[in-house]
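For reference, the chains in residue letters:
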Amino acid sequence: MTETRPGACAAGTLSLILLTGCALLTGCAPRQSAPPAPTPPGAAAKESADEFVTRVNRELNALAQEAQAAGYTLDTYITTDTQLLNARANDRYLAYLSKAVAEAKRYDGQELSPATRRALMKLRLNVAAPAPDDAAKRARLTQLEAQLEAKYGEGKYCPKGPGSCMNLDRLSEILARSRNYAELTDAWKGWHAVGAGMREEYGEFVRLANEGARELGFKNLGVMWRAGYDMTPEEFDAESERLWQQVKPLYDGLHCYARARLARRYGEDQVPAGKPIPAQLLGNMWAQQWNKIYPDILRPYPTASLETADALLKAQKWDAARMTHSAESFYTSLGFPLLPKTFWERSMLSRPRDREVVCHASAWDMASGGDVRIKACLAPTEEDLYTVYHELGHVYYFISYSSQPFLFRDGANDGFHEAIGDTINLSVTPAYLARIGLIHAVAPSREALINQQMKMALEKIAFLPFGRLIDEWRWKVFSGEITPANYNSSWWELRRRYQGLAPPVPRSEADFDPGAKYHIPSNTPYTRYFLSYILQFQFHKALCAAAASKAPAASKAPLYECSNYGSQEAGRRYVDMLRLGASEPWQDALEKLTGTRRIDAAPIIEYFQPLMEWLSEENKSRQCGW
């Protein structure tokens, strides 16, 4: 079992993830057999800016092949040796990057073409953790990245000694399926202890990465991350707050309803009205999504039919390959190509039995002639079916922008990369699942609709505040506003403010609960997921309009019933946006598909309007808020 989809990611080596787009070192250039030869002394100084960008694109791509291979090997075969090889490959990439950024300064103040200016900007933003130019510090940074990643991947809770060890998969199952308050608390506490061992290394990592960001001309790493959004950090913060305020009323209604249902299950002494919800009760290790407790606790109408695909996936003996082929067939119905043969030969679709791996689902562009892969531990569940549809969104984005120069082989912004596959998942409706034989067709009813919307909201809406707070915490860490002395208390202050949650047991600064979330030790920027959960509904509405232009009768259906399966027109419109990669500002890419240059959460409200009205009535007599 993987983390849920916002835990999924388009990635390369986890210790060297690209800042713009979740994909680290993305690219599909001709295979090269060796790292690039050094530029002859004096030759670089004579290069024009255009020539410099051409050379850097070529040489970065060659180095990326090595870094990607090392990173993929580390994630699918965790050993001391693969950690070393990954760190060394990343070190070489970062050393080249530092040198190239320094060389690029000679073009400051020159009149440049828009494409060259943008490429030089992307060069500065090429990694999520820029290393200091000092070789010893750079080596230490890459070592810390590999160690933090390995500690997460190898994390276990052993309550009664070595024979009782449980990894994240097992502990997540307990959070999802148990309804015993004490057992849930123990599993939550056990996994979160994994973070404590990362605390000192993470503080050192922050210091070195901040130093690298300052050498690139940024005040700190958080400012550098936000520079990738084609606006100032202040403008981006204002946009994020505007989007959050658009969706907050829906989240508040969902929280009020969920707390009342949990109080009914566990007692008001454990879940009091008007207070934050204990974080271990929501079915997910991080309480980032609540759909695991939908069937027996949060389902509005228990007798209204709403079947999941789980039973028929198992009964029909679907395996990881068949699930992935199903996802491929959806994309090809829109006009995308079949996946290359190497995808099936080189991807890891199931957890191996003979070694430690990072099961966290991710998509990989290996920067070598169309070699694209995914890494996941898929099981025959509806959740993992959606995960693989999501991951192929990354893969088809890689394929779509493969003709772009290396520095532009990325998402328009990182939220775009995460939204592509989830937009497709919005078309994986009950009608579509019935069409492919994974659920039985049922007659529509208002009760079934509310059940379906609740199930989706527990995934999509419950996630939004978590998606916002992860990077708010990190940006404050990077700026120094949050210091190592209050890492954990600040973490829980934000979780209370945004999510309305509290830890199930007392926490202190001896703990490091952020480290129990994959994206902190892997240094993966997280705002991309917050943006993607808004963008996917905006994309979905635009694709539904494109599909309806060829089938006018479909335009009368509400947004939540739309499935774009089989629409070549929707696929054409999608590809037109995807092939741009990062070559233009994200506002231009957004406008190409949607006709607007502003991210807007209004389509979410439109999609969930029936549920919003139902929650408003349901919560009338309750004490909401926290």
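Below or above, wherever it landed, is the structure these notes cover.

Parameters at a glance
- Per-chain numbering applies: the sequence of each chain, read as written, is numbered from 1 onward.
- Local features are withheld for residues below a pLDDT of 70 in this predicted model, meaning they are given only at 70 or higher, and side-chain atom pairs are given and counted only at 80 or more; totals for whole chains, interfaces and linings count all residues.
- Side-chain measures here rest on the full set of heavy atoms in the structure, leaving out hydrogens and waters.
- Helix and strand assignments come from DSSP, with helices taken as H or I runs of at least 4 residues and strands as E runs of at least 2, each series counted from the N terminus.
- Using C-alpha atoms as the atom set, the radius of gyration is obtained and then compared with a globule rule of 2.2 Å times the number of residues to the power 0.38.
- Each residue's exposure class comes from its accessible area (1.4 Å probe, protein chains only) as a fraction of the maximum for that residue type: buried when under 20%, exposed when over 50%, partly exposed otherwise.
- Only heavy atoms enter the contact rule, under which two residues are in contact if any of them lie within 4.5 Å.
- Each helix should span, by expectation, one fewer than its residue count multiplied by 1.5 Å.
- Polar contact is the term for a pair of N or O atoms within 3.5 Å; when the atoms are in protein, one must be able to donate a hydrogen and the other to accept it, and sequence-neighboring residues count only if both atoms are side-chain atoms.
- Between the rings of Phe, Tyr and Trp (Trp by its six-membered ring), a pair exists once the centres lie within 6.5 Å; its type follows the angle of the planes, with under 30 degrees stacked, over 60 edge-to-face, and the other angles tilted.
- Throughout this description, the term charge over a ring refers to an Arg CZ or Lys NZ atom that lies within 6 Å of the ring centre and within 35 degrees of the ring normal.
- Residues belong to a common nonpolar core when they are buried Ala, Val, Leu, Ile, Met, Phe, Trp, Tyr or Cys residues joined through side-chain atoms within 4.5 Å.
- Interaxial angle, 0 to 180 degrees, is taken between N-to-C directions of lines fitted to C-alpha atoms, where a helix line uses only the stretch in contact.
- Any angle between 65 and 115 degrees counts as roughly perpendicular, while under 35 counts as roughly parallel, over 145 as roughly antiparallel, and the rest as oblique.
- Residues are grouped as follows: nonpolar covers Ala, Val, Leu, Ile, Met, Phe, Trp, Tyr, Cys and Pro; charged covers Asp, Glu, Lys and Arg; every other residue, Gly included, is treated as polar.
- The salt bridge definition used is simple: a Lys or Arg side-chain nitrogen within 4 Å of an Asp or Glu carboxyl oxygen.

## A short note on the overall build of the protein chain
Okay, so step 1: When you go through the protein chain residue by residue, the secondary structure sums to 23 helices and 7 strands.
Okay, so step 2: Taken over C-alpha atoms, the radius of gyration comes to 24 Å for the protein chain, in line with the 25 Å a tight globule of 626 residues would show.
Okay, so step 3: Projected onto its principal axes, the C-alpha positions of the protein chain cover 75 × 60 × 50 Å.
Okay, so step 4: Looking at the protein chain residue by residue over its 626 residues, the buried ones come to 62%.
Okay, so step 5: Taking as baseline every contact in the protein chain between residues at least 6 positions apart, the subset at least 24 positions apart corresponds to 79%.

## Some points on helix 4 (residues 135–153)
Okay, so step 1: A rise of 1.5 Å per residue sets the reference length of helix 4, with its 19 residues, at 27 Å; its end C-alpha atoms lie 27 Å apart and thus fit the reference within 8%.
Okay, so step 2: By the burial criterion, the buried members of helix 4 are Arg 138, Leu 141, Thr 142, Leu 144, Glu 145, Ala 146, Leu 148, Glu 149, Ala 150, Tyr 152 and Gly 153.
Okay, so step 3: Those residues of helix 4 that are buried lie in contact with helix 1 (49–76), helix 2 (80–104), helix 5 (168–177), helix 6 (181–196) and helix 7 (199–215).
Okay, so step 4: Two or three places before Ala 136, at the start of helix 4, stands the capping residue Asp 134, its side-chain oxygen 3.1 Å from that residue's backbone nitrogen.

## Details of the packing of aromatic side chains
Okay, so step 1: A complete count under the given rule lists 45 aromatic pairs for this structure.
Okay, so step 2: Aromatic pair Phe 539 and Tyr 574: ring centres 6.4 Å apart, planes at 75 degrees, arrangement edge-to-face. Taken together, the residues span a long stretch of sequence, with Phe 539 in helix 19 (residues 527–550) and Tyr 574 in helix 20 (residues 568–578) at a distance of 35 residues. The exposure classification of Phe 539 matches that of Tyr 574, with both residues buried.
Okay, so step 3: Grouped by ring-pair contacts, the aromatic residues Tyr 202, Phe 205, Trp 473, Tyr 487, Trp 491 and Phe 512 constitute a single cluster.
Okay, so step 4: The positively charged end of Lys 460 is found above the aromatic ring belonging to Tyr 533, 5.0 Å away from the centroid.
Okay, so step 5: Against the face of Trp 286 rests Lys 517, its NZ or CZ located 4.5 Å from the ring centre.

## Focus on the environment of Cys 544
Okay, so step 1: Position of Cys 544 relative to the elements: it lies in helix 19.
Okay, so step 2: A relative accessible area of 10% places Cys 544 in the buried class.
Okay, so step 3: Along the chain, Cys 544 and Pro 610 lie 66 residues apart, while their C-alpha atoms are 19 Å from each other.
Okay, so step 4: In this structure, Cys 544 is in contact with Leu 559, Cys 562 and Asn 564, ignoring residues within four places of it in sequence.

## Here's the deal with the environment of Ala 361
Okay, so step 1: Locating Ala 361 in the fold gives a position in the loop between helix 13 (341–346) and strand 5 (362–365).
Okay, so step 2: For Ala 361 and Glu 391, which are 30 residues apart along the polypeptide, the C-alpha to C-alpha distance reads 7.6 Å.

## Observations regarding the nonpolar core
Okay, so step 1: Residues Leu 123, Tyr 202, Trp 290, Phe 416, Trp 473, Phe 539 and Phe 608 are the most contacted members of the largest nonpolar core, which totals 188 residues.
Okay, so step 2: Beyond its immediate chain neighbours, meaning those up to four positions away, Trp 473 contacts Tyr 202, Ile 482, Tyr 487, Ser 490, Trp 491, Leu 494, Phe 512, Pro 514 and Ile 520.
Okay, so step 3: With 7 residues, the next largest nonpolar core counts Val 357, Trp 364, Met 366 and Cys 377 among its residues.

## Quick notes on the packing of helix 20 against helix 21 (residues 586–594)
Okay, so step 1: For the pair helix 20 and helix 21, interaxial distance at closest approach is 9 Å and the crossing angle is 170 degrees. It follows from the interaxial angle that helix 20 and helix 21 lie roughly antiparallel. Counted together, Arg 573, Tyr 574, Asp 576 and Met 577 of helix 20 and Ala 589, Lys 592 and Leu 593 of helix 21 form the full contact between these two elements.
Okay, so step 2: Across the contact of helix 20 with helix 21, the residue classes tally to 4 nonpolar, no polar and 3 charged.

## Notes on the pattern of salt bridges
Okay, so step 1: The final tally for this structure, using the stated rule, is 45 salt bridges.
Okay, so step 2: The shortest N-O distance in the salt bridge between Glu 47 and Arg 55 comes to 2.7 Å.
Okay, so step 3: Note that Asp 91 is salt-bridged to Arg 138, the shortest N-O span being 3.2 Å. With a gap of 47 residues between them, Asp 91 in helix 2 and Arg 138 in helix 4 connect regions that are remote in the sequence.
Okay, so step 4: Taking relative accessible area as the criterion, Asp 91 reaches 17% and is therefore assigned buried.
Okay, so step 5: We classify Arg 138 as buried; its relative accessible area is 9%.
Okay, so step 6: Three or more residues are tied together by salt bridges with common partners; here these are Glu 47, Arg 55, Glu 59, Lys 99, Glu 103 and Arg 106.

Everything listed here is a matter of geometry and, on its own, says nothing about what the molecule does.
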